[in-house]
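Observations on the model geometry
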Amino acid sequence: VVSESGLNADALSTAVFTRGLNETSLYWLKIFGCEAVFIFKDKSYYVTDGLKDALEMTAEGFTCKEDYEK
């Protein structure tokens, strides 16, 4: 989780980690003005819109999810 506030980043990283990638997690990130990268066991990842242009995945075998699974 990327935020201007370390407190928000810490709290939201715990909250979205326990909930996973879903509408609620994305809503929480949005209302607090935060961005995030979700990385999954299957070597896929999801990047919120505000970080897409700033992130370059260099590890081999990873694929980007364009959308989250509802």
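For clarity, every value in this text was computed on a predicted model and none was experimentally measured.

1. Some points on the side chain of Lys65
The residue Lys65 is located in the segment after strand E3 (63–64) in this model. Excluding residues within four positions of it along the chain, Lys65 makes contact with Phe40, Ser44, Tyr45 and Tyr46.

2. Considerations on the confidence of the model for the chain
In the predicted model, the chain carries a mean pLDDT of 93, and 97% of its residues have values of at least 70. For the chain, E3 is the element with the lowest average pLDDT, namely 94, and helix H2 (residues 23–31) is the one with the highest, namely 96.

3. Structural notes on the packing of aromatic side chains
Evaluated as defined, the whole model comprises one aromatic pair. Seen from the ring of Phe40, Lys65 lies directly overhead, with NZ or CZ sitting 4.2 Å from the centre.

Rules and cut-offs
Residues numbered from 1 in each chain as written. Predicted model: local features only at pLDDT ≥ 70, side-chain atom pairs only at ≥ 80, totals over all residues. Heavy atoms only, no water. Helix = DSSP H or I, 4+ residues; strand = E, 2+ residues; numbered from the N terminus. Contact = heavy atoms within 4.5 Å. pLDDT = per-residue confidence, 0-100. Phe/Tyr/Trp six-rings, centres within 6.5 Å; stacked < 30°, edge-to-face > 60°. Lys NZ or Arg CZ within 6 Å of the ring centre and 35° of its normal.

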